[in-house]
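Structural overview for review
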Amino acid sequence: MDAREMKVKAAEAALAHVEDGMRLGIGTGSTADEFVRLLAEKVHGGLRIQGVPTSERTARLCVELGIPLKSLDELPELDLTIDGADELDADLTLVKGGGGALLREKIVAAASARMLVIADESKLVNTLGAFPLPIEVNPFGHKATRIAIEKAASRLGLSGEVKLRRGGEDVFTTDGGHYIFDASFGRIPDAEALSGELNSIPGVLEHGLFIHMASLAIIAGEAGAWTLKAK
Ligand SMILES: O=C[C@H](O)[C@H](O)[C@H](O)COP(=O)(O)O
């Protein structure tokens, strides 16, 4: 089974958690896209849901496939969000933002009663940090913000390149018009401490560590899909 087939397996298993009438946060990325495609089939078969997309990319795919959408302002309380991750550990702490959608993803997940993560087994790690941590920042003063991020990391004994994400020739900008730094700190032994340090920097809008947000993960591997529950 290749990575794409595993993503489809995880997405299929996630569909079992979607109930008629739900207000559903819809994630971003290649795994979330597989979920959207399967969800669209259910919607065409009569399932009634209202979706809130976590990015313009997901919104476009949902519209193309006929999934009814609302904005989070129209539907500020959600039953369930289903989203992918770049990394997750056994405590269901996540690294997200590889696709640049982390701020909206975190806002939508925080507005949801439950967050369900779907991933292929390559995303499950013992310690987070092999995937560079995305940090969304205000373009204003972003160089000063980078220095503040490096200093904050060094207070925790972390170091590594903090690189401004580019999209081709240009600086990558998020749906909200912000920049992203990808921080290669290596292993993150204390995600809560790093989160606290990053959140105290004024130019940081959000970081990709999702802590105590997901209640369940569906991981797909060669042997099929299995679930991991938050402790
Ligand atoms: O910003 C993007 C999101 O956090 C994605 O959910 C994450 O990057 C995982 O994406 P994929 O399913 O493509 O690996």
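Rules used throughout
Residues numbered from 1 in each chain as written. Predicted model: local features only at pLDDT ≥ 70, side-chain atom pairs only at ≥ 80, totals over all residues. Heavy atoms only, no water. UniProt positions renumbered as here; feature names shortened; annotations may be inferred. Helix = DSSP H or I, 4+ residues; strand = E, 2+ residues; numbered from the N terminus. Contact = heavy atoms within 4.5 Å. Salt bridge = Lys/Arg side-chain N within 4 Å of Asp/Glu carboxyl O. Buried < 20%, exposed > 50% of the residue type's maximum accessible area, 1.4 Å probe, protein only. Domains from an automatic or database assignment. Buried area = accessible area lost by both parts, 1.4 Å probe. Nonpolar A, V, L, I, M, F, W, Y, C, P; charged D, E, K, R; others polar. Core = buried A, V, L, I, M, F, W, Y, C linked by side-chain atoms within 4.5 Å. Near = heavy atom within 4 Å. Polar contact = N/O pair within 3.5 Å; in protein donor to acceptor, adjacent residues only side chain to side chain. Areas by Shrake-Rupley, 256 points an atom, 1.4 Å probe, with all protein chains shown as cover. Pairing = 2+ DSSP bridges. Axes fitted to C-alpha atoms, helices over the stretch in contact; angles between N-to-C directions.

If you look the protein chain up in an unreviewed UniProt entry, it shows as Ribose-5-phosphate isomerase A from Neorhizobium lilium. The heading Pathway (unreviewed entry) in the UniProt record of the protein chain holds the text "Carbohydrate degradation; pentose phosphate pathway; D-ribose 5-phosphate from D-ribulose 5-phosphate (non-oxidative stage): step 1/1."

1. What to know about the environment of Glu-161
For Glu-161, the location among the structural elements is in the loop between helix 5 (142-155) and strand 8 (162-164). When the C-alpha atoms of Glu-161 and Val-8 are compared, they prove to be 34 Å apart, with 153 residues separating the residues in sequence. Once you skip the residues sitting within four places of it in the chain, Glu-161 turns out to touch Asp-182, Ala-183 and Ser-184.

2. A few points about the pattern of salt bridges
Under the defined criterion, the tally for this structure stands at 13 salt bridges. Where Glu-34 meets Arg-4, a salt bridge forms, and the shortest distance between an N and an O atom there is 2.8 Å. Remark: Arg-4 occurs in helix 1 (residues 3-15) and Glu-34 occurs in helix 2 (residues 30-44); sequence separation between them is 30 residues. Asp-182 is the partner of Arg-165 in a salt bridge, and the nearest nitrogen-oxygen pair spans 2.8 Å. Taken together, the positions of Arg-165 in the loop between strand 8 and strand 9 (166-167) and Asp-182 in strand 11 (residues 179-183) put the pair 17 residues apart, joining distant regions of the chain. Since its relative accessible area comes to 12%, Arg-165 is described here as buried. Connected through shared salt-bridge partners, Arg-4, Glu-34 and Arg-37 make up one network.

3. A closer look at the domain arrangement of the protein chain
As assigned here, the protein chain comprises domain 1 (3-122 + 211-222) and domain 2 (133-203). Each of domain 1 and domain 2 was reduced to a C-alpha centroid, and the two centroids are 25 Å apart. Each partner contributes to the interface: domain 1 provides 14 residues, whereas domain 2 provides 13 residues. Taken over both partners, the interface formed by domain 1 and domain 2 buries close to 920 Å², and the fraction arising from carbon and sulfur atoms is 61%. In terms of surface lost to domain 2, no three residues of domain 1 exceed Gly-100, Leu-102 and Ile-211, which account for 39% of the buried area on that side. Here domain 1 is connected to domain 2 by one salt bridge. One salt bridge in this structure joins Asp-175 and Arg-104, with 4.0 Å as the shortest N-O distance. Residue contributions to the side of domain 1 that touches domain 2 peak at three residues, all from helix 4 (residues 102-110). Across the side of domain 1 that touches domain 2, the residue classes break down as four nonpolar, seven polar and three charged.

4. Side note on the nonpolar core
Core analysis: the largest hydrophobic core is formed by 27 residues, its most contacted members being Phe-35, Leu-39 and Ile-49. Those elements that place two or more of their residues in this core are helix 1, strand 1 (23-26), helix 2, helix 3 (56-65), strand 3 (78-83), strand 6 (112-120) and strand 14 (216-221). The biggest single contributor to this core is helix 2, with six residues. Grouped together as the second largest cluster of nonpolar side chains are 24 residues, Ile-149, Val-162, Leu-198 and Ile-211 included.

5. Section: the site of the ligand
Around the ligand sit 16 residues in total, of which Thr-28, Ser-30, Thr-31, Asp-86 and Glu-105 are the nearest. Side-chain polar atom of Ser-30 to an oxygen atom of the ligand: 2.5 Å apart, as the coordinates give it. The side chain of Lys-96 places a nitrogen or oxygen atom 2.9 Å from an oxygen atom of the ligand. In isolation the ligand offers 370 Å² of accessible surface; the protein chains occlude 91% of this area.

6. Examining the sheet that holds strand 11
Ordered in space as 8-11-7-12, the four strands form an open sheet in which the pairing is antiparallel. Strand pairing shows two members of the sheet lacking a second neighbour, strand 8 and strand 12 (204-207), which therefore form its edges. Strand-to-strand twist across the sheet, computed as the mean angle between neighbouring axes with direction ignored, equals 30°. Packing against the sheet, helix 4 makes contact with strand 7 (133-137), strand 11 and strand 12, and its axis sits at approximately 70° to strand 12. Lying on the sheet, helix 5 is in contact with strand 7, strand 8, strand 11 and strand 12; it crosses strand 8 at an angle near 160°.

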